[in-house]
Amino acid sequence: MAENLVQSVQDMLKEETWTRATISNYTQNNLKELADIVEKARNEQCEDEILDICEDHLSHTKDSIIALYLSGFFSMQKGLLDNTAFETLVDIFQKNHKEAIVSYLCENILEASPNNKFALRTLAENYRMENNDKAWELYTQLVKIDFQEADVAKLLAEHHAESNEKLSIEYYKKAILRYINIGNYNACKEIWTILVQKIPQEIDFFQLLRRKISKSFGITKTTNPMQELYNWYKSEAPSTPAYWDTAILILKQNLEIDPKDAWARKEITDCYRGKYADHSHLEDYIKSSNLTQNYRNVFEAINDFEKHIAFDKGSFVFHRSWGVGIIRKLDKDTLTINFGKTGGIHDISLKMAVSALKPLAKDHIWVLKATMNREELAAKIKNDKKWALKIIIQSFDNNCDFKRIKAELVPVILKPTEWTSWNSAAKKILESDSEFGVNPNDINSYTVRDHEITAEEKLSNEFKAQKLFFARIDILMKFFYNDMTDNSSDMFLEMYSYFTGFLKNITKVNEQVLASYLIVRKISGLDSQFLFPVKETFAEIYSKLEDPRVIYEELKDSKNTTLKEDFLECIEMLPDWNVQYIRLFPTVLDEKLIDKLIAKGFEADVQKLVRTAFEQFKDYRETVIYFFKNCQEKSWFKAANISYEKQLITLINIIELTFREINNHLRTTENKKINKNASDLLFKDDALYKYLQTESEDAVKKIYTLIDDIVDIDPNYKAQTRTKILEKYPDFKFRVSEEKITQPKGMIVTAKMLEEKKAEAERIQSVEIPQNAKDIAEAREKGDLKENAEYKSAKEKQHMLNLALSKLQEELNRATVFDPTTLTTAVISFATVVTLHNNETNSDEEYTILGPWESDPDNNIISYMSPFGNAIMEKKVGDEIKFVVNEHEYDYIVKEIKKAKI
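Let me sum up the structure you'll find in this document.

### Notes on the overall build of the protein chain
Summing up its helical and strand segments, the protein chain has 45 helices and 14 strands in all. Against the globule reference of 29 Å for 902 residues, the protein chain gives a C-alpha radius of gyration of 42 Å, more extended than a compact globule. Its C-alpha atoms put the protein chain at 135 × 105 × 55 Å along the principal axes. Contacts spanning at least 24 positions in sequence make up 58% of the contacts within the protein chain whose residues lie at least 6 apart. If you sum the accessible surface of the protein chain, you get close to 47,400 Å²; carbon and sulfur atoms cover 48% of it.

Set out below in C-alpha cells:
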C-alpha cells in the first residue's frame, strides 16, 4: 500500500501543470485531496519517503503547490520549525488573491500545530481585513507564544484601550519591553509617553525600563524619557508631598549622567523648595550650599544641603552617647536639643550637628522607642506586624534584613520566647505582600514600596536579587505555578531565558546545565508555548556527565521543584536505563527504582546488586544499611540468598571500618553518620539481640567476638550484648580483657531500667509536655490570667514537667549499663545480695545492692551511691563494718555475698 501511495505522489508531481495563470482555478477541494494524502502517508508510515521526493522536486520546481503542501505538513509533523514551504505556498496564493484558500490552509496548519506562529499571524491578518473578531483571539495567542512580537502586542493594547484599560496597559507593557529587546528605540519612546499618561505612579516599572534602555541603547538614552516622567511627579507633588522624593530621585539620576545639566540643577532646587517649604532656614541652606551656583559640583552641593536641611525645630536626631533627642530651638547656627533623662539638654553648633548627629524621621523605630509607652508600642508591634515591618525597614534607608529587625525588637519590645512566632508570621507577610520587596543586590534585605506591585514584578525582583542558581529555579517555578501570575508575561520570559541560555551551546554538562534542561523540559511539557529547541537529546547530554551519581547529589530540590525525580524519569528514556538505575541506586536509595526494575523483568540484576553490596561493603556502606533496614521481607531480597548472619557480620564490619577511617580523619562527617545508623540498627533496633536469642552458642560466640574486637564501640553496647547472651547461655565464657576490670564511670544501671527510663523521658517529651502546652493555650483563651486557676495550674505542671525531664536527661547522660560479666562476689559490689549480721540486735539483715534507679529501701534494695550503700561497698566476708548515717550508728559483720538476679 505504501509503495502505491509513493508512486501516486510521484505521478501527481510529474503531471502537475499548475502555473501562475491557472492558480485562479485552485479550490479548497484541491487542498482536501492533498490533506487525504498526508493522512494516508501517516497511516502507512511513508512520510519520510514522500518528504524526500517533495524536497527533491522543489529543488528544481520551486512553486509546486503539491510539493510545497506535502513538504510543509510532513516537516511540521516531524517537529521541524522551518515554515519555508508554507510561507512560499501562502505567498503564491496571496499574490493571486486567493485569501479564502490562504485562510483555509492556515486553519489546517493550526489544527495540526496550534502554536504555529506563521499560521497564526497570517490567519489573524486575513481575519482582520475581513473585520472578523476572531483575529484578536489569534493575535492574543500569538503574543503569548512569540516573545519577540512587539507590534502585535501594541496592536492589542490599542484594541483594548477603550473596552479594558487594565488589559490594554498590560499589552503596552509587553510591547515596550519587547521593543527594547529587539532594539527599536523610537517605538519604545512612543509607548513610554503613553504609559506616563496611564500609569505614572508605577515608578518601579519605569525604573526597570530605565535599566533596560540603558543596557540596550546606552545610559544617555534614558534622560529624555525620565524627564517626561519627572514632569508628572513635579506637577502632582504639591498635592502628594511624597512625590517630591521621587521627582528629586529622577533628577539625581539624570544629573549622574550629565552633572552640568543646568536645567536639572534648577529643577532640583525648585523641588527642594517645594519639599521643605515650611523649613525656617530653607533659603539660608540653599545659599550656603551653593546649590544654585554652577561653579560648585552639583552632588557636593546636594550633599551639603541635605545634611543641613535635616535640622529644624521639632526634628529628631540621634547621638551615639546621648541617644535620641528632639530639637527644641534653632537660633542661627546653634541647636538646642533635649536628649531626655539619659542625655539631658545640649546646645550644639550646626557645624558639629552635621558631623555628630544622625537625623531621624518622626516615625523612625528609635524615635518610637524613645517617645512611646513601651507596653503600647509592644502591643502595636505584636498586633500589627505589617506596620512594624514598614516602620523598621524604612528606618534604615528602606533596606533592612531580619538580623537588624530582631536587634530592634528583642529583648526591648519582644521577649526572646515571643520572637520565633512573630518572626514566622512576619516572613510570611514579606513573602506574600506586594508592598514589600527585596534589595536587587541582596536577597536577604527587604524594602518597602510606595505602592503595591504585581505578583509578577515581586517574583521578578526576587529572581534578580537571588544569586544562588537552585534558589532561582525555585522562584521560576513559584512564578509558573502561581495562580496570580501570567506565565506569558515578559518578566517570566526573562527568567525562563536565563535557563535556556545554558542550553544553547552545550560543551560540558554540570549540575546547572542538567538542571536547566530538566526545568525547561518540564515547563515546555506543561505549556507548549515554551517549547525550546535543544540541539542535543537527553542521551547526548547524559553521555557528557562525568559521573551521574555526583550530579544527582548536586541537584537541589525545593518546595516547587523535583529535579532529582525528573532526572530519574529522563534516564528511563535511555536504551540502557536498567544499567543506569543499578549504577545510581546506591546514591539514590529509593525503592521506586527497584520496583521499576523488577516490573520490567530485571529482578536478576537487582539480586546481583544485593550480593555485590554485601560482598563489597566497603564501597556500598549506605546501600547495605538501606537493604538491611527496609528490604528484609521483600521477595527479591530474600531471593538474593544473603544469610541473616552474613548481614549482621557485614554491619559489624561497617562499624569497624568507619571507626578506623574516623580515627584516620577520612570523611569524618560521612563516616560518623554511617557508623551511627549501623550501630542503631544492631543495638537500638534489637536486630542483634533477637538473633542472639535464637542461634547456637557457637554462632553467638562468633558474632560477639567480632563486636568485642572493636575497641571504639560504645561499652554500653558491649555490656548490653553480654547481658543478652547470659540470658540465653548463663554459663557463657567471655574473654577477659582490660575493659572488664576497669571501674565503670558515671551512674551504673541495669539494662532493663535504662530502657524504662528512656521510655519515661520519651513519654514526658512527646506526650505530656505537648498536652500541657494545649492545656495552657486553652486556659489562656479564657482570659484574665491573674484570676485564672486553670492557667496557673497548667503553668505549674509545665514547670514540674520541665524539671523532671531535665533531671531525667541528665541522669540518662551519666548512665552506664552494668556488665554482668564483671560481677564478682569476692566483695560487696553492684548486683550482689549481701547478708549482714547486726551486732546491735544480734540478727541477720539481707540487702540487694543496685543503683539509684532500682533503689527500693522498703524492700531492702539499696543504691550503691547512697550513704549506707557506699559505706559497705568493697567489703569482704568476715569484715566488720562500723559507720554512722544520719546520726545513727551501725555495726555489722559481713556474713555472705551472692549474685543478685537482675
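### A closer look at the side chain of Lys-212
Topologically, Lys-212 is positioned in helix α12 (residues 203-217). What makes Lys-212 buried here is its relative accessible area of 16%. There is a polar contact of 2.9 Å between the side chain of Lys-212 and the side chain of Glu-494.

### Brief notes about the packing of helix α10 (residues 165-182) against helix α11 (residues 185-198)
For the pair α10 and α11, the least separation of the axes is 9 Å and the interaxial angle reads 150°. In terms of orientation, α10 and α11 fall into the roughly antiparallel class. Judged by the twist between their axes, the crossing of α10 over α11 is left-handed. Together, Glu-165, Ile-169, Tyr-172, Ala-175, Ile-176, Tyr-179 and Ile-180 of α10 and Ala-187, Cys-188, Ile-191, Trp-192, Ile-194, Leu-195 and Lys-198 of α11 make up the contact between the two elements. Its residues placed into classes, the contact of α10 with α11 shows 12 nonpolar, no polar and 2 charged.

### Looking at the pattern of salt bridges
Applying the stated criterion across every chain yields a total of 50 salt bridges. The salt bridge partner of Lys-198 is Glu-165, with a shortest N-O separation of 4.0 Å. Taken together, the residues Lys-198 in helix α11 and Glu-165 in helix α10 connect sequence positions 33 residues apart. When the shortest N-O distance is used, the salt bridge between Glu-267 and Lys-234 registers 2.7 Å. Highlighted residues: Glu-267 in helix α15 (residues 262-275) and Lys-234 in helix α13 (residues 223-236), separated in sequence by 33 residues. With a relative accessible area of 8%, Glu-267 lands in the buried category.

### Notes on the side chain of Asp-680
Inspection of the secondary structure puts Asp-680 in helix α38 (residues 668-684). In this structure the side chain of Asp-680 is engaged in a polar contact, spanning 2.8 Å, whose partner is the side chain of Lys-676. Contacts of Asp-680, omitting those with residues within four sequence positions, involve Asp-685 and Tyr-717.

### Comments concerning the sheet that holds strand β12 (residues 861-863)
If you trace the 5 strands from one edge of the open sheet to the other, you get β12-β11-β10-β14-β13, paired in mixed fashion. Looking at which strands have only one partner, the edges of the open sheet turn out to be β12 and β13 (880-885). The average undirected angle you get between the axes of adjacent strands in this sheet is 45°. As paired strands, strand β10 (residues 832-838) and strand β14 (residues 888-899) are joined by 7 bridges and run antiparallel to one another.

### Some words on the pairing of β14
As defined by bridge partners, β13 adjoins β14 across 6 bridges and the pair is classed as antiparallel. By the bridge assignment for β14, Val-884 is matched with Glu-889. The turn linking β13 back onto β14 is made up of 2 residues, and Asn-886 within it adopts a positive phi angle of 50°.

### What to know about the environment of Leu-350
Mapping Leu-350 onto the fold places it in helix α19 (residues 350-356). Sequence-distant contacts of Leu-350, that is, excluding residues within four places in its chain, are made with Tyr-285, His-308, Phe-311, Asp-333 and Leu-335.

### Some remarks on unusual backbone geometry
Trans peptide bonds make up most of the peptide bonds, and negative phi angles are found at most residues other than glycine. Here the amide bond leading from Val-410 into Pro-411 is cis, since omega sits at 5°, within 30 degrees of zero. The residue Arg-667 is not glycine, and still its phi comes out positive at about 40°. Positionally, Arg-667 belongs in the loop between α37 (644-663) and α38. Judged by relative accessible area, which is 45%, Arg-667 ranks as partly exposed. Backbone geometry at Asn-886 places phi at a positive 50°, although glycine is not the residue there.

### Concerning α38
The first and last C-alpha atoms of α38 sit 22 Å apart over 17 residues, in line with the 24 Å expected at 1.5 Å per residue. For α38, the full list of buried residues reads Asn-671, Ile-674, Asn-675, Ala-678, Ser-679, Asp-680, Leu-681, Leu-682 and Phe-683. As for α38, its buried residues are in contact with α35 (621-630), α37, α39 (687-692), α40 (697-708) and α41 (715-728). Asp-686 sits one or two positions beyond α38 and adopts a positive phi of about 65°.

### A look at the sheet that holds strand β3 (residues 334-338)
Two orientations exist for strands paired in a sheet by backbone hydrogen bonds: parallel and antiparallel. Strand order across the open sheet formed by 5 strands is β4-β3-β2-β1-β5, with antiparallel pairing between neighbours. Two strands lie at the open edges of the sheet, namely β4 (345-349) and β5 (358-360), each paired on one side alone. Adjacent strand axes in the sheet meet at a mean angle of 40°, parallel and antiparallel pairs treated alike. Inspection of the sheet shows β3 paired to β4 by 5 bridges, in the antiparallel sense. In the strand pairing of β4, Thr-336 is matched with Asp-347.

### Observations concerning the packing of aromatic side chains
Inspection of every chain in the model, using the stated rule, returns 61 aromatic pairs. Ring centres of Phe-73 and Phe-86 lie 5.2 Å apart, and the angle between their planes is 85°; on these two criteria the pair is classed as edge-to-face. With Phe-73 in helix α4 (residues 65-77) and Phe-86 in helix α5 (residues 84-95), this pair connects stretches of sequence that are 13 residues apart. With respect to burial, Phe-73 and Phe-86 carry one shared label: buried.

### So, the nonpolar core
Ranked by internal contacts, the top residues of the largest apolar core, which has 117 residues, are Ile-50, Leu-70 and Ile-176. It is α4 that provides the largest number of residues to this core, a total of 9 residues. Setting aside its immediate chain neighbours within four residues, Ile-50 contacts Leu-5, Val-6, Val-9, Ala-41, Leu-70 and Phe-74. The next biggest cluster of nonpolar side chains, apart from the first, holds 96 residues, and it includes Phe-637, Ile-642, Leu-682 and Val-700.

### Some details on the packing of helix α31 (residues 563-571) against helix α32 (residues 577-588)
For any two helices packed against each other, one specifies the inter-axial angle together with the distance between the axes. In the contact formed by α31 and α32, the axes pass within 10 Å of each other and the chain directions differ by 155°. With respect to α32, the axis of α31 lies roughly antiparallel. On α32, the residues that touch Leu-568, Glu-569 and Ile-571 of α31 are Trp-577, Gln-580, Tyr-581, Leu-584 and Val-588. A per-class count over the contact of α31 with α32 returns 6 nonpolar, 1 polar and 1 charged.

Procedures and definitions
Residues numbered from 1 in each chain as written. Predicted model: local features only at pLDDT ≥ 70, side-chain atom pairs only at ≥ 80, totals over all residues. Heavy atoms only, no water. Helix = DSSP H or I, 4+ residues; strand = E, 2+ residues; numbered from the N terminus. Rg over C-alpha atoms; globule rule 2.2 N^0.38 Å. Contact = heavy atoms within 4.5 Å. Areas by Shrake-Rupley, 256 points an atom, 1.4 Å probe, with all protein chains shown as cover. Buried < 20%, exposed > 50% of the residue type's maximum accessible area, 1.4 Å probe, protein only. Polar contact = N/O pair within 3.5 Å; in protein donor to acceptor, adjacent residues only side chain to side chain. Axes fitted to C-alpha atoms, helices over the stretch in contact; angles between N-to-C directions. Parallel < 35°, antiparallel > 145°, perpendicular 65-115°, else oblique. Left-handed = near helix turned anticlockwise from the far one by under 90°. Nonpolar A, V, L, I, M, F, W, Y, C, P; charged D, E, K, R; others polar. Salt bridge = Lys/Arg side-chain N within 4 Å of Asp/Glu carboxyl O. Pairing = 2+ DSSP bridges. Expected span 1.5 Å × (residues − 1). Phe/Tyr/Trp six-rings, centres within 6.5 Å; stacked < 30°, edge-to-face > 60°. Core = buried A, V, L, I, M, F, W, Y, C linked by side-chain atoms within 4.5 Å.

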